[in-house]
Every structure is written in structure tokens, then in C-alpha cells.
Amino acid sequence: MVGSTSRRTSLLPVPGGYLEYLVTGAGAPVTIFAHGLAGSIDTTRPFGTAVGGQQVYLHFRGHGASSSPETPWTYGYLADELDAVARHTGATQALGVSMGAGAICNLIERVPARFDRIVLALPAVTDHPRRDAALERLVAMATLADDRDVDGLAEQLVLEQPAEVRHTAPVQQWCREQARLIVQTDVSRALRSIPHLTALQSLDSLHRVQTPVLVIAQEDDPAHPVWVGRELAAALPNARLEVLPPGGIMWTHRARVRSLVGEFLTTPHR
């Protein structure tokens, strides 16, 4: 057991090392939460506060206390890690943020009926590589992480936040805490590779997925363009798209997101 979050976490043995995960709540359903690139268990926990049953939060490779194996950083490997923790804990629902959403998409492309309900929050990529300014910022963050430059990395993280909130004290504090965590891990490898990859072989493959899916996108978010959310929602036969105004889905719109996720993952649907 390790204590890298505010509660005690466990380590699941997997090929190449261990995956760190945290379990909260009790009963059914069991929902697994997957963080974004350079995110953490703590950054995904707000998504689960209104979700009933048991919540499982994992750290992907190179994040938190999870191992950083020599195998390449790909969405396929991330999907395998998500699946390993989900099977170990009996998770039947899944929520992924950004990179975590991509891992879920990769998994359900291979196993369409893997989960009963899914939330894809701020998806960043589908089946064609990204080519935009956001990639340059991620590479700059990787260099700062390698240099263990907490101040510089915190400044970059602040710039990734919505302009409306980036100068507020909570955002400034959160970015500095994240920077401290990142420089202690192998996240820089992910920052250099994952943004250049695709989550899916083909967007059309998602037509086989009958699972109810909630897609949450946000306007004016260059790192997570609204068109990505629209593409996924159009490809998934049983998807619902929610596009929120600018301001940060877990800053300005935190209460709305908690309500959306809590209702979707807790209320029985026939």
C-alpha cells in the first residue's frame, strides 16, 4: 500500500510492473475513472463525487506510483492497463478524461460491449493525428519535466487553463501541486509521444458500440476541440453530447459536470 493521494492506494501487479489504484465507496455499480495526460487520481476524483456505488481511480504508467515500463506509450497499452484494473475491481462502467477517454475508446473499439455505461470527458483525439499549437506546448512541458523545473512547469500548466480562471488562487495552487507531482514521475515520456498518436484505428468501428455514452466537450478549449466530441458522438449509436461554455469543466462548470456524470452513471436506464 502507498499513500500518494489523500487516501491509501493499492498496487496491482501487471506485466512490466505495477499499477496504482484507489477504491472509494461501496456497492454497485463499480465505475473506473481514468485521468488525462499528466493528470492523476486526485484530478479525476471530482468527477466521481456524485456517482453511486464504488469508484475506482487508477494511475496509468509513469503517473503516480505506477511503474514506467520500457514498452512504448500507446493508446493500446493504456487501454490494456485500464482493462486490467477494471477487471481486477469488477468495474462495469468507465469515465475517461482526455487521454483516459482515448484509452476507453481504444478498448471499446476492440471489445464493443466491455462496459455498461461510459463517460468521455474532453476527448482529444479520434482516428487522425492532431496537428496544432497544443502539441508544441506539451513538448515544452516535457522538457520542463525532465529538468525538474517546477516553476516553469507550473506556468505552462496555468496557460493550459481557461483564461477566465487561470489567475485565480485555486487554479494557481492546483497547477503548482500538479507540477510538483509531474517532476517526480516519468510523465515526460508520455508528453512527447501520446499527443502525436490516435486513439482509434477507425472512427467507423465505433458503430458497433451499443453502450450508452455521455460525451462532454467544452467550447474554446484548444487542447480538446469540440469537433472531436462531435465526431465521437456522431459515431457512437447511443451517445449523448453535452457541450459546455468556456471556463473549465471542473472550474466554472464543476457543479454542472458533477450533476451530469452523477445522473448518467447512477440513475438506472431501461
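Being a predicted model, the structure only gives us computed values, none of them experimental. The numbering scheme is per chain: residues are counted from 1 as the chain's sequence reads. Local features are withheld for residues below a pLDDT of 70 in this predicted model, meaning they are given only at 70 or higher, and side-chain atom pairs are given and counted only at 80 or more; totals for whole chains, interfaces and linings count all residues. Hydrogen atoms and water are omitted, and side-chain values are computed over all heavy atoms in the structure.

Draft legend 1. Region of the structure containing the overall build of the chain. Elements are defined by DSSP. Helices are runs of H or I of four residues or more, strands are runs of E of two residues or more, and each kind is numbered from the N terminus. Helices and strands together make up the secondary structure of the chain, namely 10 helices and eight strands. Taking 2.2 N^0.38 as the reference for a compact globule, 270 residues should give roughly 18 Å; the C-alpha atoms of the chain span a radius of gyration of 17 Å, in line with that estimate. The cut-offs for exposure are 20% and 50% of the maximum accessible area for each residue type, with area from a 1.4 Å probe on protein chains only; residues under the lower value are buried, those over the upper are exposed, and the others partly exposed. For the chain, the residues scored as buried account for 56% of the 270 residues in total. Here, residues are in contact when the closest pair of their heavy atoms is within 4.5 Å. Relative to all contacts within the chain whose residues are 6 or more apart in sequence, the contacts with residues 24 or more apart total 73%. In this description, accessible areas are obtained by the Shrake-Rupley approach with a 1.4 Å probe, and a residue is regarded as covered only by the protein chains that are shown. Of the roughly 11300 Å² of accessible surface on the chain, a fraction of 52% belongs to carbon and sulfur atoms. The convention is simple: Lys and Arg are positive, Asp and Glu are negative, and His and the chain ends are not counted. Just so you know, the charge point we use is NZ for Lys, CZ for Arg, CG for Asp and CD for Glu. Between the averaged position of the 24 positive side-chain charges in the chain and that of its 27 negative side-chain charges there is a distance of 6 Å. For the radius of gyration, the atoms used are the C-alpha atoms, and the globule rule reads 2.2 Å times the number of residues raised to 0.38.

Draft legend 2. Molecular detail of the packing of aromatic side chains. Here a Phe, Tyr or Trp ring, Trp counted by its six-membered ring, pairs with any other such ring whose centre lies within 6.5 Å, and the pair is stacked when the planes are under 30 degrees apart, edge-to-face when over 60, and tilted otherwise. Scanning the model with the defined rule gives one aromatic pair in all. Pairing F33 with Y57 gives two aromatic rings, centres 4.7 Å apart and planes at 25°, and the pair type is stacked. Taken as a pair, F33 in strand β3 (residues 30-34) and Y57 in strand β4 (residues 54-58) lie far apart in primary sequence, 24 residues in all. Its relative accessible area of 0% is what places F33 among the buried residues. Here R61 stacks its cationic end above the ring of W73, 6.0 Å away from the centre of that ring. Between the NZ or CZ atom of R114 and the centre of the ring of F115, over which it lies, the distance is 4.6 Å. As a reminder, the over-ring test applies to NZ of lysine and CZ of arginine, requiring each to be within 6 Å of the ring centre and within 35 degrees of the ring normal.

Draft legend 3. Expanded view of the packing of helix α5 (residues 150-159) against helix α6 (residues 169-182). For every element, the axis is a line fit to its C-alpha atoms; helices are fit only across the contacting stretch, and the angle between N-to-C directions ranges from 0 to 180 degrees. With their axes 8 Å apart at the nearest point, α5 and α6 run at an angle of 130° to one another. As the angle between them shows, α5 and α6 are arranged oblique. The crossing of α5 and α6 is right-handed. Across from V150, D151, L153, A154, L157 and V158 in α5, the residues of α6 making contact are Q172, C175, R176, Q178, A179, R180 and I182. Amino acids are sorted into nonpolar (Ala, Val, Leu, Ile, Met, Phe, Trp, Tyr, Cys and Pro), charged (Asp, Glu, Lys and Arg) and polar (every other residue, Gly among them). A per-class count over the contact of α5 with α6 returns eight nonpolar, two polar and three charged. Note on terminology: angles under 35 degrees are roughly parallel, angles over 145 are roughly antiparallel, angles of 65 to 115 are roughly perpendicular, and the others are oblique. Crossing handedness is read from the near helix: turned anticlockwise from the far helix by less than a right angle, it gives a left-handed crossing, and turned clockwise, a right-handed one.

Draft legend 4. Structural context of helix α2 (residues 75-89). To estimate the expected span of a helix, count its residues, drop one, and scale the result by 1.5 Å. Here α2 is 15 residues long and its end C-alpha atoms lie 21 Å apart, about the 21 Å a rise of 1.5 Å per residue gives. The complete set of buried residues in α2 reads Y75, L78, A79, E81, L82, D83, V85, A86 and T89. Following α2 by one or two positions, G90 has its phi on the positive side, about 75°.

Draft legend 5. Main features of the pattern of salt bridges. Counted as salt bridges are all cases of a side-chain nitrogen of Lys or Arg within 4 Å of a carboxyl oxygen of Asp or Glu. Following the criterion strictly, the structure yields nine salt bridges and no others. R87 is the partner of D83 in a salt bridge, and the nearest nitrogen-oxygen pair spans 2.9 Å. Linking D83 with R87, this pair stays in helix α2, spanning four residues, or about one helical turn. Exposure remark for D83: the relative accessible area of 14% places this residue in the buried category. Residue R192 is joined to D146 by a salt bridge in which the shortest nitrogen-to-oxygen separation is 2.6 Å. With R192 in helix α7 (residues 187-193) and D146 in helix α4 (residues 133-146), the pair connects residues that are 46 residues apart, well separated along the chain. Residue classification places D146 among the partly exposed positions, given a relative accessible area of 37%. Sharing partners across several salt bridges, the network here consists of D83, R87 and R114.

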